[in-house]
Amino acid sequence: MKVIVVGAGAAGLAATNALRKKGIDVTALESRSEAGGRARCYSKEGFTLDTGAQFLARICKTQLRLSEEMGISPEILPFHVSAALWRNGKMHPISMKPSNLAKFRGLPLSAYPQMAILIPPMLSRYFQLDYKNMSFDRLLDLGETSVADFVRKHSGNAALEWVMEPLVETLTLGEATDVSIPHIICLIGLYKGLLLMEKGIGSLPAALYRKNKDVIRLSTTVNKIVLDNGRVKGVETSEGFMDADHIICATTAGAARKIIPDLPEAMRKPLETIKYSSTVHVMVALEKRLLPGNLYACTLPPRANSFLSGLNDCSGKSSYFAPDGCGLSHCVTYGRHTRAFMKLSDDEVVRRTMMELQRFVPDTPNNPIFADVIRWDEAICLEYPGQPNAMYCLKKNHLHDVKGLHLAGEYMYLVSCVEGALLSGEDAAGWVLHDM
């Protein structure tokens, strides 16, 4: 039996690894020159740069188990978020301890009663979540509801503008009208017991690649997954046709729609509900920390009129992320602002980014040690209103309508993150084994 995995991001690497452990003849094809996808990291001039995802959590059982298998679990460290809110021209530090949140005075007065009203209905739904299976099921009644609509229904505009919109921008790089409330409720839950990899989140994908690199072909583009009479036939690649008995499509939903043009409507329509944020990501290395003290992040409300989703300094995550005393800021555009930045040259993107940092931190230098630019057309799955319900229907009724075809990617789960991607890859491998 011949299996082809399309994509060597987190989902594809997990699927390939699971099949290799069972002795299956598998080949993974990756269009990029590096494996890891949106969970890749690399080192440069003493800095460690996460190109996409950055954290995991104690509830991310797949990541924790695979890290143990790869022998890198000692690199997993607890991370305590130290954050601030930008208001009236300054940063207001927030204590993340629940007992101290009530003492925070950085919000407008109108936001406090509105948040007091909003928190109970969000908490009640949070406690209903099935994190073990990362399932859509228990929040399907909210699957059509955006964050903006949920907040306005239960609370008011002050809570939306000063708390929920900055939160959505930071966590998804999207906007509150384009993200379903179940997604945000789930993501907030991840921040209970937040963890990091001391050498970057890409340590796990890199370890999975090293273990399986003899069956992973980089710089090999799949142009089409060929179907014939309701079953897979093979893939058309940049190097020719390859036949297969099973194919795991471990790409984004957008890429899957493109390379499987003959998908049955019952599978295609749910995938059409999936939308991603896009971003221009500038990784700025500085000679000193960007944020004061030990602050990791500062949220920016919409009225700050910034194209950045927020401010951050990752140098304090571990000694591997930046040389002693230096700063490392991940500057990412969000929502409607990204479209304009995608048209700019890298040099212009860096110039505008440094000027924007100087708006909030005036002593930011004009010239960083270096600034690397990465553009993501599909950055984070937004869980757009309607997607949870559509994906629930797909998984329950039509996931195996094409014999031998298996979908994998973070969009398969309510928590669209590296954990969801890894879990989906192992699930797809499990279906291959089930069909043997």
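First, a word on scope: everything that follows refers to the structure included in this document. Every chain's residues receive numbers from 1 upward, in the order its sequence appears when written. Confidence filtering applies because this is a predicted model: local features only for residues at pLDDT of at least 70, side-chain atom pairs given and counted only at 80 or more, and all residues used for totals across whole chains, interfaces and linings. To get the side-chain values, take all heavy atoms of the structure and skip hydrogens and water.

### Details of the overall build of the protein
Thinking step 1. Helix and strand assignments come from DSSP, with helices taken as H or I runs of at least 4 residues and strands as E runs of at least 2, each series counted from the N terminus. Helices and strands together make up the secondary structure of the protein, namely 14 helices and 20 strands.
Thinking step 2. Computed over its C-alpha atoms, the radius of gyration of the protein comes to 22 Å, within 12% of the 22 Å expected for a compact globule of 436 residues.
Thinking step 3. For the C-alpha atoms alone, the extent of the protein along its principal axes is close to 65 × 50 × 40 Å.
Thinking step 4. Summary of the burial criterion: residues with accessible area below 20% of their type's maximum are buried, those above 50% are exposed, and those between are partly exposed, where the area comes from a 1.4 Å probe applied to protein chains only. Relative to its 436 residues, the protein shows a buried fraction of 58%.
Thinking step 5. Contacts: residue pairs with any heavy atoms within 4.5 Å of one another. Taking contacts inside the protein between residues at least 6 apart in sequence as the whole, the part at least 24 apart equals 73%.
Thinking step 6. Working note: accessible area of the protein is about 18,400 Å², and carbon and sulfur atoms make up 51% of it. Just to be clear, the radius of gyration here is over C-alpha atoms, and the globule rule we use is 2.2 Å times residues to the power 0.38. Under the convention used here, a 1.4 Å probe and the Shrake-Rupley method define accessible areas, while residue burial counts only the protein chains that appear.

### Overview of the packing of aromatic side chains
Thinking step 1. For Phe, Tyr and Trp, where Trp contributes only its six-membered ring, two rings pair if their centres lie within 6.5 Å, and the inter-plane angle classes them as stacked under 30 degrees, edge-to-face over 60, or tilted in between. What the rule picks out here adds up to seven aromatic pairs.
Thinking step 2. Ring centres of phenylalanine 79 and tyrosine 296 lie 5.3 Å apart, and the angle between their planes is 80°; on these two criteria the pair is classed as edge-to-face. Highlighted residues: phenylalanine 79 in the loop between β6 (76–78) and β7 (83–87) and tyrosine 296 in the loop between β15 (276–286) and β16 (297–299), separated in sequence by 217 residues. Both residues of the pair, phenylalanine 79 and tyrosine 296, belong to the buried class.
Thinking step 3. The structure contains a cluster of three or more aromatic residues connected by ring pairs, namely Phe55, Phe79 and Tyr296.
Thinking step 4. In this structure, arginine 87 is placed above the aromatic ring of tryptophan 162, and the distance from its NZ or CZ to the ring centre is 5.8 Å.
Thinking step 5. Two limits define a charge over a ring: the Lys NZ or Arg CZ must be within 6 Å of the ring centre, and within 35 degrees of the ring normal. In this arrangement the basic side chain of lysine 317 is found over the ring face of phenylalanine 55, its NZ or CZ atom lying 4.9 Å from the centre.

### Some points on the sheet that holds strand β19 (residues 370–381)
Thinking step 1. Strand pairing is assigned whenever DSSP identifies at least 2 bridges connecting the two strands. Read from one edge of the open sheet, three strands run β18-β15-β19, paired in antiparallel fashion. Looking at the sheet topology across the chains shown, the edges are occupied by β18 (327–332) and β19. If you compare each strand with its neighbour and ignore which way they point, the axes differ by 20° on average.
Thinking step 2. Across nine bridges, β15 lies against β19 in antiparallel orientation. Its bridge partner being in β19, alanine 285 is matched across the sheet by phenylalanine 370. Lines are fitted to the C-alpha atoms to define the axes, a helix being fitted only along its stretch in contact, and any angle between axes, read from their N-to-C directions, falls within 0 to 180 degrees.

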